Amino acid sequence: MTSQAVSIPADGSAIAGDLVLPPEAGEVVLFAHGSGSSRHSPRNRAVAAALQDAGLGTLLMDLLTASEEQVDVVTAQHRFDIGLLGRRLVSAIDWLGAQPATARLPVGLFGASTGAAAALVAAADRPGAVRSVVSRGGRPDLATGALSRVRAPVLLIVGGEDRQVLEMNREAAAQLTAPYRLHVVPGATHLFEEPGALEAVAAAARDWFLRPGAPEEPPPPGP
């Protein structure tokens, strides 16, 4: 498994990322963190590790340049700029398509919170490159204008106790024309901090990236 720090051109500057490629990776999953976070998000890194164990490549990246991050810490003006964040993901998708190690790999997008909206915007803008999208506790409602243009299958993962976000996901899902599934993790809240909740997210995301759009496996029969 190869791991390297990378620099991705964006709007005349550069943003940092961490690229991990298992041997014979068949896809690379690009992560979009939520508002106020970064590529060091422990939840995203936990999911990324599970995907790597399944043979999927991962690229965790910041969505803001260093100077934008300094401004955002004080003003929070960039973290909800979905258009800007979506363009950064598009830049990363294009960058992956230009690198020898990843040029032939399809791209999956994993977005958390506001990062999920950015992922959907990027999927709509790069339909030929994006194979699948997963949203964790996402805000797809913030990508309303892009939802009908998404062509990749979408998995919406929401905690069962995250009731307001669950309703937002249901309303946004109705605007999708691509195949989608709403996967509710029982008992989980927005950050999936409950025992086993994040593991359930990782397993659902892994299965979706390996088989986009596949129907959910029924639970095993009882004794």
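Residues numbered from 1 in each chain as written. Predicted model: local features only at pLDDT ≥ 70, side-chain atom pairs only at ≥ 80, totals over all residues. Heavy atoms only, no water.

**Thoughts on the pattern of salt bridges**
Two side chains carrying opposite charge are able to pair once their charged atoms lie near each other. The tally for this structure, following the rule as stated, stands at 11 salt bridges. The salt bridge involving Asp 11 is made with Arg 88; its shortest N-O contact spans 2.7 Å. With Asp 11 in the loop between strand E1 (2-10) and strand E2 (13-21) and Arg 88 in helix H3 (residues 82-98), this residue pair connects regions lying 77 residues apart in the sequence. Using a relative accessible area of 56% as the deciding quantity, one classes Asp 11 as exposed. (Salt bridge = Lys/Arg side-chain N within 4 Å of Asp/Glu carboxyl O. Helix = DSSP H or I, 4+ residues; strand = E, 2+ residues; numbered from the N terminus. Buried < 20%, exposed > 50% of the residue type's maximum accessible area, 1.4 Å probe, protein only.)

**A short note on the packing of H3 against helix H4 (residues 114-125)**
Their axes nearest at 8 Å, the elements H3 and H4 cross at an angle of 55 degrees. Classified by the angle between their axes, H3 and H4 sit oblique to one another. Crossing of H3 over H4 shows right-handed handedness. Residues Ile 82, Leu 85, Gly 86, Leu 89, Val 90 and Ile 93 of H3 touch H4, and the partners they reach there are Thr 114, Ala 117, Ala 118, Ala 119, Val 121, Ala 122 and Asp 125. Considering only residue class, the contact of H3 with H4 consists of 10 nonpolar, 2 polar and 1 charged. (Axes fitted to C-alpha atoms, helices over the stretch in contact; angles between N-to-C directions. Parallel < 35°, antiparallel > 145°, perpendicular 65-115°, else oblique. Left-handed = near helix turned anticlockwise from the far one by under 90°. Contact = heavy atoms within 4.5 Å. Nonpolar A, V, L, I, M, F, W, Y, C, P; charged D, E, K, R; others polar.)

**Quick notes on the pairing of strand E5 (residues 107-112)**
Of all 6 residues that make up E5, 6 are buried, and the element is covered over most of its length. Here E5 shows no split at all, with Val 107, Leu 109 and Gly 111 on one side and Gly 108, Phe 110 and Ala 112 on the other all buried. In this sheet, E5 lies alongside strand E3 (residues 28-32) in parallel orientation, the contact comprising 5 bridges. Its bridge partner lying in E5, Val 28 is registered against Val 107. Across 6 bridges, E5 lies against strand E6 (residues 130-136) in parallel orientation. Note on E6: the bridge partner recorded for Gly 108 is Ser 132. Handedness of the crossover joining E5 and E6 through H4 is recorded here as right-handed. (Pairing = 2+ DSSP bridges. Right-handed = clockwise from strand over helix to strand, strands pointing away.)

**So, the nonpolar core**
A general tendency of soluble globular proteins is for nonpolar side chains to be buried together. In this structure, Leu 30, Leu 89, Leu 109 and Val 133 are the most contacted members of the largest nonpolar core, which totals 46 residues. Here this core takes 9 residues from H3, the largest share from any one element. Every residue in contact with Leu 30, bar those within four places of it in the chain, is listed here: Leu 59, Met 61, Leu 89, Ala 92, Ile 93, Val 107, Gly 108, Leu 109 and Phe 110. (Core = buried A, V, L, I, M, F, W, Y, C linked by side-chain atoms within 4.5 Å.)

**Remarks on unusual backbone geometry**
Despite not being glycine, Asp 11 has its phi angle at roughly 50 degrees, a positive value. A positive phi angle, close to 60 degrees, is found at Glu 24, a residue other than glycine. Mapped onto the secondary structure, Glu 24 falls in the loop between E2 and E3. By relative accessible area, which is 79% here, Glu 24 ends up exposed.

**Quick look at the environment of Ile 82**
With respect to the helices and strands, the residue Ile 82 is situated in helix H3. Linking Ile 82 and Leu 142, residues 60 residues apart in sequence, is a C-alpha distance of 7.3 Å.

**As for H4**
For H4, spanning 12 residues, the distance from its first C-alpha to its last is 17 Å, which sits close to the expected 16 Å at 1.5 Å a residue. Most of H4 sits inside the fold, with 11 of its 12 residues counted as buried. Listing the buried residues of H4 in full gives Thr 114, Gly 115, Ala 116, Ala 117, Ala 118, Ala 119, Leu 120, Val 121, Ala 122, Ala 123 and Ala 124. On its buried face, H4 sits against E3, H3, E5, E6, helix H5 (144-147) and strand E7 (154-159). (Expected span 1.5 Å × (residues − 1).)

**Notes on the confidence of the model for the protein chain**
Predicted coordinates in areas of low pLDDT are best not read in detail. A residue-level look at the protein chain finds 94% of positions with pLDDT of 70 or above and a mean pLDDT of 91. When pLDDT is averaged over each element of the protein chain, E7 comes out on top at 98 and helix H2 (residues 66-75) at the bottom at 74. (pLDDT = per-residue confidence, 0-100.)

**Section: the packing of helix H1 (residues 42-53) against helix H7 (residues 197-210)**
With their axes 9 Å apart at the nearest point, H1 and H7 run at an angle of 45 degrees to one another. When the axis of H1 is compared with that of H7, the two are oblique. Two packed elements cross with a definite hand, and for H1 against H7 that hand is right-handed. In this structure, H1 uses Arg 43, Ala 46, Val 47, Ala 50 and Leu 51 to contact H7, whose residues at the interface are Leu 198, Val 201, Ala 202, Ala 205, Arg 206 and Phe 209. Here the residues of the contact of H1 with H7 are counted per class, giving 9 nonpolar, no polar and 2 charged.

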